[in-house]
Amino acid sequence: MIPHDILTLYGAKGLEYVIAIAFLVLFVPFWRYAMGTRPAPEPAIVRAAQAAPAHSDLVEWFRVARDVFYHPGHAWARAAEAAGAVLVGADDFAQKLVGPLRTIELPAPGTAVRQGEPAWRLHAGDKTLDMLSPVDGVVTAVNREVLDNPGLLRDDPYGAGWLLQVQSPRFAAQRKGLLSGRMAHRWIEDATNALRLRMSPDLGLAMQDGGVPVDGIAQALAPEDWDRVAREFLLS
Amino acid sequence: MSSRPATLTAPQPWFTEKVLMGQPWAEYRRGLFTPFNAVAAFVLAIGIPIIVYRFAAGLGATTNLSQTNPWGIWIGFDMLCGVALAAGGYTLATTVYIFGLDDYHPVVRPAVLTGFLGYVFAVLGLMCDLGRPWNLPIPMVYSFGTTSVMFEVGWCVMLYTIVLALEFSPALFQWLGWQTLRTYLLRATIGLTVAAVMLSTLHQSSLGALFLMAPTKLHPLWYSPFIPIFFFVSSIVAGLSMVIVESSLSHRAFQSRVDHHVDMDKLVLGLARAASVILFAYVFLRLQGLADSGRTDLLATPLGLWFIAEIVLFAAVPCLLFAHGARTRNATLVRWTAGWSVLGIVVYRLNVSVVAYNWEAAERYIPSWMEVWTSLTLVTTGILVFRWIVNRMPVLRDESGH
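Just so we're clear, the structure is a prediction, and the values are computed from it rather than from any experiment.

## Concerning the overall build of chain B
When its secondary structure is counted, chain B shows 16 helices and zero strands. Relative to its full complement of 402 residues, chain B shows a buried share of 51%. Long-range contacts, defined as pairs at least 24 residues apart, comprise 80% of the intrachain contacts of chain B with a sequence gap of at least 6.

Laid out in structure tokens, this is it:
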């Protein structure tokens, strides 16, 4: 307890003011330090900073990224750094459904794309599949790395395997109609269940250990007209 | 995997399905023989007879408590630490239901369960400590003694334990299949959370206020008029740290029960940010208490050095480590820091109630081995009950979609 003499009291009060001011002065840098995050290292490929590998969950057999918005045709969209710019790609479900790609056909920069309308084409084996754009806008860039190496889409569909950059002024409004978070998880679960219903009991032999299907589920389901099956899921 | 053969099974008896988790008795019994259960059985085999002996022979026969030192570790550890570490319940419920940070929803239920069990076992520890525990209901229903801070603590703890039971009950009713009751209680979530915040604010601080009555018994470095604020603020840190520790251990121990869609690392880093900021304020509050005591000269004494060690090692260091861990996204560092921070809160509570209490008395209190074993028994029982509930009820994973 503070002795009841005036000088001691002033000394203690002075110290308290110093502590209070020190708190206020130090709190700002501390807050900035605690709330900030260390910047990520520079990416290796052009524009990969915007397409840095996203954190993703495994829902059933498929990776579902947490920071993208899904179109029901299994395309995704994520706001890029530049104002109004959106990165677009095909999700893990789509690439596992279609299987190893021969080539990817992307629209040239300057092409207008519309939400729900075909925007790019996948070539697998001797068949082709169109995929729908998740947003409206004008293509401003394409991922040349994925054109040279379609395997990027398989390895990292939400990161290095991005397909287009689209200038999409209406993305803020359009993304409300897209799926994310728990809704996206449910949607992928439903799509997986729909796949299961189509599987014959002995198809399990075609799967890898652990229950994850091999690439090209559609080909495993219907070897002759797998592109028709895939189109049903990709809505194209 | 779709190729897994789907087999139709006959409905199991209620007991087998709910209590034995669908296993035949022989299989369930075999599953009980684990190293952890062996240690727990050893603790309980000695602890339960000690508790029975304490009630049969009295406090004098089992404890080192005396008229000079009437409060021992059953108050200092079981009650003060138990209640502080159970603060995750109100902290997380407020975060999610009042502030709307829904990302933290997956950790609310385990936090509320930890809180509920923490309070129940704190009260059981109190029952052991009270000379005449059968008189405990008297201030609850008759002869309130409203001028006593004990009245406020007693009522708040009783009411909050009831609130925690109600907050957790939707999981119980979901397990029992009582959907109507569950729906009614879910509707009461906001009201219960508001009640929880009010009651916790009151009694977390008034546990500290108990020591305002003993300004001459408590060491001047620890005694402060702000001690209720210290207890309240440190309870938030204790709650957040405990949620980090508990969720990390649960996700290791109950792999089959957790929701793998939840990014626990992200939640843990968010909780660490909050804990670091609160610890930062707490350190400066403690320094204000030191300045206000006017006894900085005592810092050079052995207890003074212990005071400095407590503030630096158990408050400032975890504050900086939490901030650094969150900034560098190092969830492992954050988890270890949370364990350290929990220990820090225990150290602070024990310092106030045991180490710095009666510091000038000739007769120093050292707990008897039976007091220590009783506390160990209560903690072990708490863990066993937590495990029993988590293995059966929807705690770590919300199976209702709510």
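## Description of empty space enclosed by the protein
Residues and elements named next belong to chain B. A full pass over the atoms with the stated rule returns four cavities of 30 Å³ or more. In this model, the second largest cavity occupies a volume close to 50 Å³. Forming the boundary of the second largest cavity are Tyr282, Arg286, Glu310, Phe314, Ala315, Gly344, Ile345 and Tyr348. Going through the elements one at a time, helix H13 (264–293), helix H14 (302–327) and helix H15 (331–355) are the ones with two or more residues in the lining of the second largest cavity. Considered class by class, the residues forming the lining of the second largest cavity number five nonpolar, one polar and two charged.

## Focus on the sheet that holds strand E8 (residues 118–124) of chain A
All names here are of chain A. Spatial ordering of the open sheet is given by E6-E8-E9, a layout of three strands whose pairing is antiparallel. This sheet does not close on itself; its edge strands, each paired only once, are strand E6 (103–105) and strand E9 (127–132). The mean angle between the axes of side-by-side strands here comes to 20 degrees, regardless of whether they run parallel or antiparallel. Judged from the three bridges that link them, E6 and E8 form a sheet pairing that is antiparallel. When the sheet's bridge partners are listed, glutamate 105 is paired in E8 with arginine 121. Docked against the sheet, helix H8 (residues 226–234) engages E8 and E9, running at close to 5 degrees with respect to E9.

## Some remarks on unusual backbone geometry
Positive phi is not limited to glycine here, since histidine 74 of chain A has a value of about 65 degrees. If you trace the backbone, histidine 74 of chain A turns up in the loop between strand E3 (69–71) and strand E4 (75–79). When its relative accessible area of 2% is taken as the criterion, histidine 74 of chain A is described as buried. Here serine 143 of chain B, not a glycine, exhibits a phi torsion of approximately 55 degrees, which is positive. Inspection of the secondary structure puts serine 143 of chain B in the loop between helix H8 (138–141) and helix H9 (149–176).

## Brief notes about the packing of helix H5 (residues 73–85) of chain B against helix H12 (residues 227–253) of chain B
Residue and element names in this part refer to chain B. The N-to-C vectors of H5 and H12 enclose an angle of 65 degrees; their axes lie 7 Å apart at closest approach. Contacts between H5 and H12 involve Leu80, Ala84 and Leu85 on the former and, on the latter, Phe231, Ser235, Ala238, Gly239 and Met242. The residue makeup of the contact of H5 with H12, split by class, is six nonpolar, two polar and no charged.

## Section: a nonpolar patch on the surface
Residue and element names in this part refer to chain B. Together, Leu305, Ile308, Val312, Leu313, Val317, Leu321, Trp340 and Leu343 line one region of the surface with nonpolar side chains, adding up to about 610 Å² of accessible area. Of all the elements in the fold, those that place two or more residues in the nonpolar patch are H14 and H15. The element best represented in the nonpolar patch is H14, accounting for six residues. Its place among the elements puts leucine 343 in helix H15.

Conventions we followed
- Residues numbered from 1 in each chain as written.
- Chains lettered and ligands numbered in written order.
- Predicted model: local features only at pLDDT ≥ 70, side-chain atom pairs only at ≥ 80, totals over all residues.
- Heavy atoms only, no water.
- Helix = DSSP H or I, 4+ residues; strand = E, 2+ residues; numbered from the N terminus.
- Buried < 20%, exposed > 50% of the residue type's maximum accessible area, 1.4 Å probe, protein only.
- Contact = heavy atoms within 4.5 Å.
- 1 Å grid on protein atoms, 1.4 Å probe; cavity = no way out; pocket = protein on both sides within 12 Å on 5 of 7 lines; lining within 4 Å.
- Points joined across faces, edges and corners; volume = space filled by probe spheres on them.
- Nonpolar A, V, L, I, M, F, W, Y, C, P; charged D, E, K, R; others polar.
- Pairing = 2+ DSSP bridges.
- Axes fitted to C-alpha atoms, helices over the stretch in contact; angles between N-to-C directions.
- Patch = residues over 30% accessible without salt bridge, like charges linked within 9 Å, V, L, I, M, F, W, Y side chains within 5 Å.
- Areas by Shrake-Rupley, 256 points an atom, 1.4 Å probe, with all protein chains shown as cover.
- Salt bridge = Lys/Arg side-chain N within 4 Å of Asp/Glu carboxyl O.

Structural measurements only, silent on function.
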